[in-house]
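Architecture and fold: a report
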Amino acid sequence: MLKYLIIGAGGTGLPIGAYLAKAGKDVTFIARGENLKAMKNRGVKIASPNEEFVIAPVNVTELENYNERADVIFVCVKGYSLDSIIPHMQRIADKDTIIIPILNIFGTGGELQKYFPEPLVTDGCIYIAAQVSAPGCILMNGDIFRIIYGIRKKEEYRERLRDIESDLRESGITGILSDNIARDALLKFSYVSPQGACELYYNVSAGEIQKHGEIRDCFAGLVAEINKLALAMDIHFEEDIVQRNLDILDTLTPTATTSLQRDIAANHQSEIDGLIYEVVRLADKYGVDAPIYRKIADELRKRGL
């Protein structure tokens, strides 16, 4: 049985760990603050359109106090928290450990791998509509629950990657070991980055992007610029990603906003660098014209963001 460690008990980490634990897998959560207290006292509660369940008790602790060797580490924190957890992951990972980052920021796995000469760090992304409704509690707003992960080089393959896929599927999660993780991770990024940039720039919710006009055209233009960047990186999508992402956007409730926008509104740290400014840096690196991203990045910097 693989030993799973879930770092980050939020809208992605809690459901991943809860579904694995419900299926009898060996899971430990890393949490802090009110989440940690609630999970110790009441376990984890998941409410979805189809079911509601509680896992109690659960194995949960602070990262500083975890002293075991994890077989699989799901990294489910915001990008700005990575630096603070790397030393702890180096302490608890060994050559057989597989680290799967589930972040919005494209290229996280490759950057993390530089800090881990022996453990394998994949790239990964998640499709889920979920939010923390209370400490230790998750409200899932749809049926989609899919984790895609994979290696960047064929020689990195380990049979344990298939074992993880099996464990996820046994747990009710659609686990996919991708044969082209750069494509699949950038496809996810091609939605979350433009949505975050557009909503932040215009200070609107999803409903305003759903209306035909300037804001919707801006979103579509941002997605198109990601597509141009992908081609420059020799990444080829198998569908029209502009229409795909517009279709996804149109399924949202009009009041939906991104975590990027909510974090900035609350004066919290945000992933603006990885979600917006990094696109401009990549455009410079690959010689891609990205005028809409540049306009938005310039304006956001003027706002001090």
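Residues numbered from 1 in each chain as written. Predicted model: local features only at pLDDT ≥ 70, side-chain atom pairs only at ≥ 80, totals over all residues. Heavy atoms only, no water.

A few points about the overall build of the chain
Along the backbone of the chain there are 12 helices and 11 strands. By the compact-globule yardstick of 19 Å for 305 residues, the chain fits well, its C-alpha radius of gyration being 19 Å. Oriented by its inertia axes, the alpha-carbon framework of the chain measures out at about 50 × 40 × 35 Å. The 305 residues of the chain split such that 55% are buried. At a minimum sequence separation of 6, the contacts of the chain that also span at least 24 residues come to 68%. As presented, the chain carries roughly 14000 Å² of accessible surface, and 47% of it is formed by carbon and sulfur atoms. Looking at the chain, you have 35 positive and 43 negative side-chain charges, and the mean spots of the two groups are 3 Å apart. (Helix = DSSP H or I, 4+ residues; strand = E, 2+ residues; numbered from the N terminus. Rg over C-alpha atoms; globule rule 2.2 N^0.38 Å. Buried < 20%, exposed > 50% of the residue type's maximum accessible area, 1.4 Å probe, protein only. Contact = heavy atoms within 4.5 Å. Areas by Shrake-Rupley, 256 points an atom, 1.4 Å probe, with all protein chains shown as cover. Lys, Arg positive; Asp, Glu negative; His and termini not counted. Charge placed at Lys NZ, Arg CZ, Asp CG, Glu CD.)

Notes on the pairing of strand β4 (residues 52-55)
Here β4 shows a buried face lined by F53 and I55 and an unburied face lined by E52 and V54. In the sheet, strand β3 (residues 44-47) pairs with β4 via 4 bridges, with the strands oriented antiparallel. Across the sheet, I46 pairs through a bridge with F53, a residue of β4. Turn length for the β3-β4 hairpin, with the two strands adjacent in sequence and antiparallel, is 4 residues. (Pairing = 2+ DSSP bridges.)

Details of the pattern of salt bridges
Throughout the structure, instances matching the rule amount to 23 salt bridges. Where R169 meets E165, a salt bridge forms, and the shortest distance between an N and an O atom there is 3.5 Å. Residue R169 and its partner E165 are both found in helix α5 (residues 160-170); the two are separated by 4 residues, about one turn of the helix. For D184, the salt bridge goes to R183, with nearest N and O atoms at 3.0 Å. Given the relative accessible area of 13%, D184 is considered buried. Assessed through its relative accessible area of 14%, R183 is described here as buried. Each of the salt bridges in this network shares a partner with another, and the network as a whole consists of D179, R183, D184 and E238. (Salt bridge = Lys/Arg side-chain N within 4 Å of Asp/Glu carboxyl O.)

Comments concerning the pairing of strand β6 (residues 72-75)
Here β6 shows two buried faces, one formed by V72 and F74 and the other by I73 and V75. Bridge count between strand β1 (residues 3-7) and β6: 4 bridges; the pairing is parallel. By the bridge assignment, Y4 is partnered in β6 with V72. With respect to chirality, the unit in which β6 leads through helix α3 (residues 82-92) into the neighbouring parallel strand β7 (residues 98-101) is right-handed. (Right-handed = clockwise from strand over helix to strand, strands pointing away.)

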